[in-house]
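The residues making up each chain are set out below.
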Amino acid sequence: MMTCDFLVEYRTQGRPQRLSFRDSCAGPGLRCELTRVEGRVRLTLVPAGEAVLDRVVCRIRCDFSGDARVWLNGYQSWTDSRELTRRDRMTGLLGRPKALVRKYALNGYGDYDFAEYRRSRGFFHGFGYGYVREQDRCTLFGSLCEQTGFTVLYADLARGIAEARKDCAGRVLRGPYRALELVRLEGEKDAVLASYFDLLGAPRPKGGPISGYTSWYRHGQDISEKLLLEDLEGTGGELFQIDDGFEPFVGDWLECDRQKFPGGLEPVVSAARGRGLRAGLWLAPFACEQKSRLWREHPDWLVRGADGQPKLCGCNWSGFAALDLYNEGVRAYLRAVFLQYRQLGFDFFKLDFLYAVCILPRPDKTRGEIAFDAMRFLRECAGDCAILACGAPVLPCVGRAEYLRVGCDVSPDWNGAPVMRLLHRERTGTLPSILNTIYRAHLNGRVFWNDPDVYFLRDGTKLTADQKRVLFETGFLFGSVHLTSDPGPAAPPPAAQNVRADCAGGVMQIGFTQNGAPASLRFRLRDGKLL
């Protein structure tokens, strides 16, 4: 049984209230109902009239041993999510120049506006679920009610404290609200992770592993009908995916850049399908850049902050804001976008920058509620087409996306320029992408078909031969989406079983069996050198 201390801060009739308790209790205008079963606890808040939440916290005393390793699920696909020790720090944007953060909207990519960061060692947080591991034994803490709002899990290793904080500030209650439902599971790591997703009711993903081509990592936005038809000649696998660059500006999805694609996308789709390939398309459905026609013609469709200005979600393109999911014009527009491309023959959608839709909460919706509503809406729009969710909070995608990007974009170098490492936790880089691929491998084949991002075959990058091999092999060991932007694809290695990874002394050790024989992959984190 978990021993928990609860704190609820709220306002009723304009007056601030604070309740601290271990058992069900009542305060002015609010009843707090606790339900406990073995290893689980649920907190339901029942207002007498209307109440506005400020904080909901559950504190759990934990014994973090000196060699404990903590893993906490990062906010979205790209957020770094690796095992940490009491020697590590998670500082977010602390210490970054505020003018730089503001100019490039760096806070828009992650949880920096609503999660707590500290400079001290051993203070970490994540979303929805996480574990503490000592050798092969794990204690997992997980939320079973993310659909009512994100549960931010904190681990303070120095003080021996774990906390679950509901992201619910400003949420107006007019009826019963399931604020927290937490589960604690103990056992071998793979077993407790599998049990957690069983408790969530996560279905097995439809579809299966897929390989093929994507245009982004060789051409960026500089694509054209001619270029893609040339690349198609060297494409193997099952999928030919057109990435960013076909549209005039991000947000103007019903248009095609006719200078690049004089015949629209239909000639490329027809050629790909004629070769027996599935046609895939990249969209950022909730993103709208400042240079787009959509931004000019529909300013009322944009999510706006308290200052009345569009809330920027990042500095990509000309800077971009999110479309308001609850605006009926936005919904009608996005339904038309998906219908157009489904009728054109696309049956695989890579949907990117999905975190943008829940950049700000509403009085009647937490960020988590918005994210779940958004994934339900996208599932409706895509119909029976496959969805690869990217830049997305993970748990809202469960049962709604077949494929999930599990890390940041790879880069044509190992760990990015030193200045890039000072940016947000969602920055691009081959090393952080590989680490997420390894530490989110428990999702692969059980909850999603994991996308580890592309591998490189061509010369001309800054990656060494060892680094390219590490990227290639970890993608096949731990992932199920095997795409490249280079002529190919390469022949996959033999299937691996019993894969195990551990990191110590700056070296990643991966053990597995292939064709019944033991095998291993060892590499240095610093430079990707194979050992």
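Anything mentioned here points back to the structure above.
What comes next concerns the included structure. Because the structure is a prediction, the values reported are computed rather than measured. (Residues numbered from 1 in each chain as written. Predicted model: local features only at pLDDT ≥ 70, side-chain atom pairs only at ≥ 80, totals over all residues. Heavy atoms only, no water.)

### Overview of the pattern of salt bridges
Counted under the stated rule, the structure contains 48 salt bridges. Between Arg55 and Glu9 there is a salt bridge, with the nearest N and O atoms lying 3.9 Å from each other. One end of the pair, Arg55, is in strand S6 (residues 51-61); the other, Glu9, is in strand S1 (residues 4-12), with 46 residues separating them in the sequence. Residue classification places Arg55 among the partly exposed positions, given a relative accessible area of 34%. With its nearest N and O atoms 2.9 Å apart, the salt bridge here joins Arg165 to Glu116. Of the two residues, Arg165 is situated in strand S12 (residues 161-166) and Glu116 in the loop between helix H1 (98-104) and strand S8 (123-127); the sequence distance between them amounts to 49 residues. In the salt-bridge network here, residues are joined through shared partners; they are Arg59, Glu116, Arg118, Asp156, Arg159, Glu163 and Arg165. (Salt bridge = Lys/Arg side-chain N within 4 Å of Asp/Glu carboxyl O. Helix = DSSP H or I, 4+ residues; strand = E, 2+ residues; numbered from the N terminus. Buried < 20%, exposed > 50% of the residue type's maximum accessible area, 1.4 Å probe, protein only.)

### Side note on the packing of helix H9 (residues 430-439) against helix H10 (residues 465-478)
Their axes nearest at 9 Å, the elements H9 and H10 cross at an angle of 20 degrees. On the basis of their axis angle, the class for H9 and H10 is roughly parallel. The chirality of how H9 crosses H10 is left-handed. Together, Thr430, Ile434, Thr437 and Ile438 of H9 and Val470, Leu471, Thr474 and Phe478 of H10 make up the contact between the two elements. Among the residues forming the contact of H9 with H10, the class breakdown is five nonpolar, three polar and no charged. (Axes fitted to C-alpha atoms, helices over the stretch in contact; angles between N-to-C directions. Parallel < 35°, antiparallel > 145°, perpendicular 65-115°, else oblique. Left-handed = near helix turned anticlockwise from the far one by under 90°. Contact = heavy atoms within 4.5 Å. Nonpolar A, V, L, I, M, F, W, Y, C, P; charged D, E, K, R; others polar.)

### Re the sheet that holds strand S28 (residues 517-524)
Reading across from one edge, S26-S27-S28 is the order of the three strands in this open sheet, with antiparallel pairing throughout. A single partner strand is all that each edge strand has here, and the edge strands are strand S26 (496-504) and S28. Within this sheet the neighbouring strands show an average axis-to-axis angle of 15 degrees, counted without direction. Pairing between strand S27 (residues 507-514) and S28: eight bridges, direction antiparallel. Looking at S28, one finds that Met508 is bridged to Phe523. Strand contacts of H9: S26, S27 and S28, with the helix running at about 50 degrees to S27, the strand carrying the most contacts. (Pairing = 2+ DSSP bridges.)

### Considering the environment of Asp198
Considering the arrangement of structural elements, one finds Asp198 in helix H2 (residues 189-200). Reaching out from Asp198, the side chain makes a polar contact with the side chain of Arg446 at a distance of 2.7 Å. (Polar contact = N/O pair within 3.5 Å; in protein donor to acceptor, adjacent residues only side chain to side chain.)

### Describing unusual backbone geometry
One non-glycine residue, Gln13, adopts positive backbone phi at about 55 degrees. Residue placement: Gln13 occurs in the loop between S1 and strand S2 (15-21). Residue class for Gln13 comes out exposed when judged on its relative accessible area of 75%. Positive phi, normally seen in glycine, also occurs at Phe353, with a value near 55 degrees.

### Observations regarding the packing of aromatic side chains
Within the structure shown, the criterion is met by 34 aromatic pairs. Considering the side-chain rings of Tyr213 and Phe240, the 4.6 Å spacing of their centres and the 10 degrees angle between planes classify their relative orientation as stacked. Of this pair, Tyr213 sits in strand S15 (residues 210-214) while Phe240 sits in strand S16 (residues 239-242), placing them 27 residues apart in sequence. A relative accessible area of 3% means that Tyr213 is categorised as buried. Here the aromatic cluster, defined as three or more aromatic residues joined through ring pairs, consists of Trp78, Tyr109, Phe246, Trp253, Trp282, Trp317, Phe320, Tyr341, Phe346, Phe353 and Tyr355. Looking at Arg165, its charged tip hangs above the ring of Tyr154, at a distance of 3.8 Å from the centre. (Phe/Tyr/Trp six-rings, centres within 6.5 Å; stacked < 30°, edge-to-face > 60°. Lys NZ or Arg CZ within 6 Å of the ring centre and 35° of its normal.)

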